[in-house]
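Here is how the chains run, residue by residue.
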Amino acid sequence: MAASRAAAAAAAAAPAAFTTTPSPADPHRYQTGFGNRFASEAVPGVLPVGRNVPQRVKYGLYSEQLNGAAVVSPRDAIQHVWMYRMRPSVAHGRVSPVPGLNPHIESCFSRANDKVEFVASQEAWDPFPLLEKAHDDDGAGVDFVSGIRTVGGQGDPTLRQGLAVHIYSANASMTRRAFCNNDGDLLVLPQHGRLHVQTELGWLMVRPGELLVVQAGLRFRVLLPDGPSRGYIQEVFGAHYRLPELGPVGSNGMALPRDFEHPMASFDLDDGEGEGAPPWDIVYKLAGGLHSCRQAHTPFDVVAWHGNLAPYKYALDRFVNLANANHDQADPTIYCVLTAGGGGGGGPSLTDVLIFTKKWLTAEDTFRPPYYHRNMSTEVMGLIRGRYGGSSHGLGGGGLSYEASYMPHGEAYATWREATTRALRPETVCDDATAFMFHIGAPLYLTRWALRGEGAATRHGDGEEAATTTHKWDDVRAHFLDHLDDVDADLRAAGLPSLVRRSPEKLN
Ligand SMILES: *[C@@H]1O[C@H](CO)[C@@H](O)[C@H](O)[C@H]1NC(C)=O
Ligand SMILES: [Fe+2]
């Protein structure tokens, strides 16, 4: 496959401001911004001027639009891209289901699906396993598409409502295979191993500590330059990720649009490999099911493109953290990188993607750990690197935790005790840690795979863990009860009935 021509053309293009400087760790150049209209040509002068569909595109290229919005949409909801390519995408063979390729993807989150269920309990998983590296060359590989496992979700992509949370664990690059997710946009957080991602619109190198978004309908493939790899995926059905509103924050802070990086046009020429070359396999995901078709030529033949529907990546450590600078705690919404759904209509957002990176805590007279809480939202949390400071359960890199909607949670008693008695000084948290949370507006179904299947191998809550968890809160002391005499005195002084007269026995 000849990627070289495109790489050379992309490198020749003027470097965009703020972009990652190409290095061996990431050889690519990017276009920066968020939601703007990008344009990129791997061969100069190919993009038509003043129209999208000229009678003849330069060099006989085909024009093709990918539209990611209902055709009639408010202007700010329109997301589409025009591609100028060697062959139109439709030039492929018959599409047929391939149920065996990956039976572990769920998309129908309803009581009608017995592979998903609701649990009220707090759940946690130690890191999901990394796959082995084959000792010989012919070990069957698990690629990104076959390595996806659904942990939970809500709604259904055929209604364009809801989302799914997956993990992936893979040990083989997608060679002559491309994936196209028709169900929704994928937000990918690699935790172990970089992902070298080729899309129709160009290449991205995504390392642990960066997030990747690939929109529905776009073909891409994932190569694993670092060998066996693992990470997290959140998929939104029928919505696109967007930056949260800034409100009183004004025009700066949180995730800055300038830090989102989109690929440059890049194409392959692979017709030269002759009759014997194996065909390309294009895998579509439709309502959770995989369908495949063959074609003799590469799907990565887009010479130039322009539009505002393009994959992007973002380095989490660029996030500009806001803080309480005198006292009290802010809601975790100040850690929101991207959000999706709801919002504008006043309804709850579908999901907010929160990240926890290094920051200073300086607030005085404040209980600094997360306060005890019960939220309408469901919380799914993962760890990219380091250790996360929560004390209610340990979270390791590549593991996951789950708090059901409205279920109570908070810090262990020892942490409360420490946090309420210690001297408060300015201090940093998450020095070496990067964690994230999907703050999901609706209750989440979990999959049988995660609760009782293969995915349950690292799940907390069985055997010895269960014994410790059950008694974990036994040490919580009600300090109020040590002060009943003082409380009584306060009540009497205020002319109120004393505690004795309020006790339940006296009420009968
Ligand atoms: C990938 O992992 C599977 C399962 O552990 C193993 O059987 C296979 O040999 C591995 N393949 C490669 C290419 O590393
Ligand atoms: Fe929480």
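All of these numbers come straight from a predicted model, not from anything done at the bench.

I keep staring at the sheet that holds strand E3 (residues 62-67) and nothing clicks. Help me out?
Two orientations exist for strands paired in a sheet by backbone hydrogen bonds: parallel and antiparallel. With antiparallel pairing, the four strands of this open sheet are ordered in space as E2-E21-E4-E3. Because the sheet does not close on itself, it has two edges, and the strands there are strand E2 (38-41) and E3. When the angles between neighbouring strand axes are averaged without regard to direction, this sheet yields 20°.

Even after reading the chapter, I still don't get the packing of aromatic side chains, so can you show me in this structure?
The geometry of an aromatic ring pair is captured by two quantities: the separation of the ring centres and the angle between the planes. Under the definition given, this model contains 16 aromatic pairs. With a centroid separation of 5.1 Å and 55° between ring planes, the pair formed by Phe144 and Tyr168 is classed as tilted. Here Phe144 is found in the loop between strand E7 (123-125) and strand E8 (148-156), whereas its partner Tyr168 is found in strand E9 (residues 161-170), with 24 residues between them in sequence. Grouping residues by exposure puts Phe144 and Tyr168 together as buried.

Mind showing me how you'd approach the sheet that holds strand E12 (residues 195-199) here?
Spatial strand order, E5-E20-E19-E10-E15-E12-E13: seven strands in an open sheet with mixed pairing. Each of the sheet's edge strands pairs with one partner strand only, and the pair in question is strand E5 (96-97) and strand E13 (202-206). One ladder, built from seven bridges, connects strand E19 (residues 280-286) with strand E20 (residues 289-295); its direction is antiparallel. Note that in E20 the partner of Trp280 across the bridge is Gln295.

Would you mind going over unusual backbone geometry with me for this structure?
Excluding glycine, residues mostly carry a negative phi; peptide bonds, for their part, are mostly trans. Here Arg160, not a glycine, exhibits a phi torsion of approximately 55°, which is positive. Position of Arg160 relative to the elements: it lies in the loop between E8 and E9. Not every positive phi belongs to a glycine, and Met254 is a case in point at roughly 60°. With respect to the element layout, Met254 can be found in the loop between strand E17 (241-242) and strand E18 (260-263).

About the criteria used
- Residues numbered from 1 in each chain as written.
- Chains lettered and ligands numbered in written order.
- Predicted model: local features only at pLDDT ≥ 70, side-chain atom pairs only at ≥ 80, totals over all residues.
- Heavy atoms only, no water.
- Pairing = 2+ DSSP bridges.
- Helix = DSSP H or I, 4+ residues; strand = E, 2+ residues; numbered from the N terminus.
- Axes fitted to C-alpha atoms, helices over the stretch in contact; angles between N-to-C directions.
- Phe/Tyr/Trp six-rings, centres within 6.5 Å; stacked < 30°, edge-to-face > 60°.
- Buried < 20%, exposed > 50% of the residue type's maximum accessible area, 1.4 Å probe, protein only.

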